[in-house]
Amino acid sequence: MEWKKGNYNRALLILFAVYLAALTWIILFKLTVPSNIWALGRDRVINLIPFYDTIENKFFNDFFDMTANIIVFIPFGIYAGVILRGVPMWQKAMTAAVLSAGYEAAQFIFAIGVTDITDVMMNTLGAVIGAAVYEYIYLKLKSDQKTRRFIALCSAASAIPMGAVLGITSVAFSFV
């Protein structure tokens with residue numbers, strides 16, 4: 001049975017909402033199960049010096065965090081490409097930067113993480129990479145409808161295993 005264009009749009013919006021919920025859980029709640037959220041409390045820390053951990057010879061930790069921040073925002077760039085079709089790349093990047101800055105501000109306000117400018121930079125880079133991936137897919141498929149269908153199917157296919165990984169990870173972190 002062939003889906004109509006509206007069904008793919010609805011599916012993409014639902015998958016985008018699920019992705020944003022997972023992103024919020026990853027960034028703000030650090031994969032913590034609800035019973036352990038109280039353990040996230042800490043002093044408010046803000047870092048406005050880009051790549052500060054690298055400068056302080058904490059390269060491995062910083063490299064892992066930077067890589068994770070890039071990877072976790074690539075889907076945002078792909079979804080931004082779908083939702084903001086025809087919008088210039090810099091505006092998609094600004095959307096990601098504003099979302100990332102919002103997450104960092106929430107971490108500071110609720111004292112649940114380190115507010116770090118490097119995170120905003122890496123998240124934005126991840127979104128730009130994702131938007132470029134979307135553009136590449138669009139150029140190869142040569143159709144907005146085919147691109148939306150492809151991204152909806154890939155998103156749905158990846159949602160179940162990613163949900164399982166996030167669930168297992170949260171349980172593993174709850175014992176640490």
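Predicted model, so just to flag it, every value in this text is computed and none were measured.

Here we look at the environment of Lys 92
Here Lys 92 is to be found in helix H4 (residues 89-110). Relative accessible area serves as the criterion here: at 4%, Lys 92 is assigned to the buried category. For the pair Lys 92 and Phe 76, spaced 16 residues apart in the sequence, the C-alpha separation amounts to 9.5 Å. Ignoring sequence-local partners within four residues, the contact set of Lys 92 consists of Ala 80, Gly 81, Leu 84, Val 87, Ala 131 and Glu 135.

A short note on the side chain of Asp 119
Mapped onto the secondary structure, Asp 119 falls in helix H5 (residues 117-141). Looking at Asp 119, the relative accessible area reads 15%, which means it is buried. A polar atom in the side chain of Asp 119 sits 2.8 Å from the side chain of Asn 69. When near neighbours in sequence (up to four residues on either side) are disregarded, Asp 119 contacts Asn 69, Ser 100, Glu 104 and Val 114.

Thoughts on the nonpolar core
Residues Leu 23, Phe 73 and Phe 76 are the most contacted members of the largest nonpolar core, which totals 23 residues. Elements that contribute at least two residues to this core include exactly helix H1 (5-27), helix H3 (59-83), H4, H5 and helix H6 (144-174). The contacts of Phe 73, once residues within four sequence positions are left out, are Tyr 19, Leu 23, Ile 27, Ala 96, Leu 99, Ser 100, Tyr 103, Asn 123, Gly 126 and Ala 127.

A few points about the environment of Asn 123
Summarising the element assignment, Asn 123 is placed in helix H5. Distance in space between the C-alpha atoms of Asn 123 and Val 72 is 7.5 Å, their sequence separation being 51 residues. Filtering out sequence-adjacent residues up to four positions away, Asn 123 remains in contact with Asn 69, Val 72, Phe 73 and Ser 100.

Focus on the pattern of salt bridges
Between side chains of opposite charge, pairing is possible as soon as their charged atoms come close. Under the defined criterion, the tally for this structure stands at 3 salt bridges. We note a salt bridge from Lys 92 to Glu 135, for which the minimum N-O separation is 3.5 Å. Of the two residues, Lys 92 sits in helix H4 while Glu 135 sits in helix H5, which places them 43 residues apart along the sequence. The exposure class of Glu 135 is partly exposed, given its relative accessible area of 24%. Taken together, the shared-partner salt bridges connect Arg 85, Lys 92 and Glu 135 into one network.

As for the confidence of the model for the chain
In this model, the chain carries a mean pLDDT of 82, and residues with pLDDT of at least 70 account for 79%. Looking at the elements of the chain, mean pLDDT is at its lowest for helix H2 (residues 52-55), recorded as 69, and at its highest for H5, recorded as 95.

Concerning the environment of Ala 93
Note on placement: Ala 93 falls in helix H4. Each residue touching Ala 93, except ones within four places of it in the same chain, is listed here: Thr 124 and Val 128.

Section: unusual backbone geometry
Negative phi characterises most residues that are not glycine, and trans characterises most peptide bonds. Residues other than glycine seldom take positive phi values, yet Ala 111 does so here, at roughly 50°. Relative to the assigned elements, Ala 111 resides in the loop between H4 and strand S2 (114-116). Residue Ala 111 is classed as buried on the basis of its relative accessible area, which comes to 8%.

Focus: H5
The terminal C-alpha atoms of H5 lie 36 Å apart, and with 25 residues this matches the ideal 36 Å at 1.5 Å per residue to within 8%. Where H5 is concerned, the buried positions are Thr 118, Asp 119, Val 120, Met 122, Asn 123, Thr 124, Gly 126, Ala 127, Gly 130, Ala 131, Tyr 134 and Ile 137. The opening residue of H5, the one whose side-chain oxygen lies 3.0 Å from the backbone nitrogen of Thr 118, is Asp 116. Lys 142 occupies a position one or two residues after H5 and carries a positive phi of about 60°.

What counts as what
Residues numbered from 1 in each chain as written. Predicted model: local features only at pLDDT ≥ 70, side-chain atom pairs only at ≥ 80, totals over all residues. Heavy atoms only, no water. Helix = DSSP H or I, 4+ residues; strand = E, 2+ residues; numbered from the N terminus. Buried < 20%, exposed > 50% of the residue type's maximum accessible area, 1.4 Å probe, protein only. Contact = heavy atoms within 4.5 Å. Polar contact = N/O pair within 3.5 Å; in protein donor to acceptor, adjacent residues only side chain to side chain. Core = buried A, V, L, I, M, F, W, Y, C linked by side-chain atoms within 4.5 Å. Salt bridge = Lys/Arg side-chain N within 4 Å of Asp/Glu carboxyl O. pLDDT = per-residue confidence, 0-100. Expected span 1.5 Å × (residues − 1).

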